[in-house]
Amino acid sequence: MTPIVTLVPVLEDNYSYILQSGDAVAIVDPGDANPIINKLNEMGITPTHILNTHHHGDHIQGNKALREKYNCVLIGPLHETKRIADMDITYGDQDFFNLGDDKVLVIETPGHTTGHICFYLPDSHILFSGDLLFALGCGRAFEGTAQDLFHSIAKIKDLPKQTRIYCGHEYTAANAVFALTVEPDNKALIARSEEIKKLHAAGTPTIPTTLEYEWQTNPFIRAKTADHFSKIRHLKDNF
Ligand code: ZN
Ligand code: FE
């Protein structure tokens, strides 16, 4: 059975996700517990796991309340052990664990934070990219360099093209405006920007995206060298 991913908008522009696979129900990056609890009640399900991509508050603030209410297993990045409270299990690069009917591969992707990880479901081609990669954009290099981010993105950009990407924020409309300044003549990007404007105006999520779509339109994935990538990251920082 293909797992089901449900988007839960939390805080200003974050997404948490409810991932159902077999008997497992995992909450990815709970930035705020209440909207997630409401959604779980509506769906009539109980979470078994929490997955954290990195230690920022907007991705973990709901951990405590969810853990206390449901007694679920908190899984997070090995290299942020001291920065996320009460983790039950931590994983590092290329570790696998089972979640319901799926295997989950942990990919360490430092740059935004030192221990940031992505979760990839190889049987279902689903990637939770946290604040590493966004639709049409990428995260800021808060605890690393742009070079680190480039190498981290390189670790995920050759996953199968049909991979669906669930990222940590709805930044797509603003990212599109910037992306067009980098590649004003990119026809796929121009078409996508128009589509995003409509979705944004209607309040419809632009997530998930796919790796194929990002290869066509995301300047950070399309950058071939670390130097070029760093230049774009720097321009975006000052945009
Ligand atoms: Zn973050
Ligand atoms: Fe974030």
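Residues numbered from 1 in each chain as written. Chains lettered and ligands numbered in written order. Predicted model: local features only at pLDDT ≥ 70, side-chain atom pairs only at ≥ 80, totals over all residues. Heavy atoms only, no water.

### Some points on the coordination of the zinc ion (ligand 1)
Each donor-metal-donor angle would ideally measure 109.5 degrees in four-coordinate tetrahedral geometry, or 90 or 180 degrees in six-coordinate octahedral geometry. Going by this rule: A donor here means any N, O or S atom no more than 2.8 Å from the metal (3.2 Å for Na, K and Ca); water is not included, so a site may seem to lack partners. Angle rules define the geometry names used: all angles between 85 and 135 degrees makes four donors tetrahedral, while opposite donors over 155 degrees apart and all other angles between 65 and 115 make four donors square planar and six octahedral, leaving every other case irregular.
Donor atoms from the polypeptide that coordinate the zinc ion (ligand 1) comprise His-54 (NE2), His-56 (ND1), His-112 (NE2) and Asp-131 (OD), at 2.2 to 2.3 Å from the metal. If you look at the zinc ion (ligand 1), its four donor atoms make angles of 88 to 173° with each other, and the shape they trace is irregular. As a motif over one chain, the donors of the zinc ion (ligand 1) read H-x1-H-x55-H-x18-D.

### A look at the sheet that holds strand β8 (residues 102–108)
Strand pairing within a sheet occurs via backbone hydrogen bonds; the two strands may be parallel or antiparallel. The condition is simple: DSSP-based pairing: two strands are paired if at least 2 bridges between them are found. Helix numbers and strand numbers start at the N terminus; a helix is a DSSP run of H or I with at least 4 residues, a strand a run of E with at least 2.
Spatial strand order, β7-β8-β9-β10-β13-β14: six strands in an open sheet with mixed pairing. The outermost strands of the open sheet, each flanked by one partner alone, are β7 (96–99) and β14 (209–210). Pairing analysis gives three bridges linking strand β9 (residues 117–121) to strand β10 (residues 126–130), with the strands arranged antiparallel. Its bridge partner being in β10, Phe-119 is matched across the sheet by Phe-128.

### Focus: the pattern of salt bridges
As a reminder of what qualifies: We define a salt bridge as a side-chain nitrogen of Lys or Arg found within 4 Å of a carboxyl oxygen belonging to Asp or Glu. The buried label applies to any residue whose accessible area, calculated with a 1.4 Å probe on protein chains only, is under 20% of its type's maximum; exposed applies above 50%, and partly exposed to all values in between.
Within the structure shown, the criterion is met by ten salt bridges. The residue Asp-237 makes a salt bridge to Arg-140 at a minimum N-O spacing of 3.5 Å. Of the two residues, Asp-237 sits in helix α9 (residues 226–237) while Arg-140 sits in the loop between β12 (137–138) and α4 (146–156), which places them 97 residues apart along the sequence. The partner of Glu-214 in a salt bridge is Arg-192, and the shortest N-O contact between them spans 2.8 Å. With Glu-214 in helix α7 (residues 211–217) and Arg-192 in helix α6 (residues 187–201), this pair connects stretches of sequence that are 22 residues apart. With a relative accessible area of 0%, Glu-214 lands in the buried category.

### Considering α4
Here is the rule: This arc describes the spread of directions from the helix axis toward the C-beta atoms.
Those residues of α4 lying buried are Ala-146, Leu-149, Phe-150, Ser-152, Ile-153 and Ile-156. Along α4, the residues classed as buried sweep out an arc of 165° about the axis, all on the same side.

### Let's talk about the sheet that holds strand β4 (residues 49–51)
Worth spelling out the cut-off: Interaxial angles span 0 to 180 degrees and are taken between N-to-C directions of axes, which are lines fitted to C-alpha atoms, for helices over the stretch in contact. Pairs of residues are marked as contacts when any of their non-hydrogen atoms sit within 4.5 Å.
Read across the open sheet, the six strands follow the order β1-β2-β3-β4-β5-β6; overall the sheet is mixed. Of all strands in the sheet, those bounded by a partner on one side alone are β1 (4–10) and β6 (89–91). Pairwise comparison of adjacent strand axes, ignoring direction, gives a mean angle of 25° for this sheet. Bridge count for strand β5 (residues 73–77) against β6 is three bridges, and the pairing is parallel. Bridge pairing in β6 links Gly-76 to Thr-90. Where helix α1 (residues 33–43) meets the sheet, its contacts fall on β1, β2 (14–21) and β3 (24–28), and the angle it forms with β1 comes to roughly 140°. Along the sheet face, helix α3 (residues 63–70) touches β3, β4 and β5 and points at about 165° away from the line of β4.

### With respect to the environment of Ala-226
With respect to the helices and strands, Ala-226 occurs in helix α9. Owing to a relative accessible area of 13%, Ala-226 belongs among the buried residues under this scheme. Considering only alpha carbons, one finds Ala-226 and His-151, 75 residues apart in sequence, at a separation of 7.7 Å.

Fair warning: the whole summary comes from geometry, so function is off the table for now.
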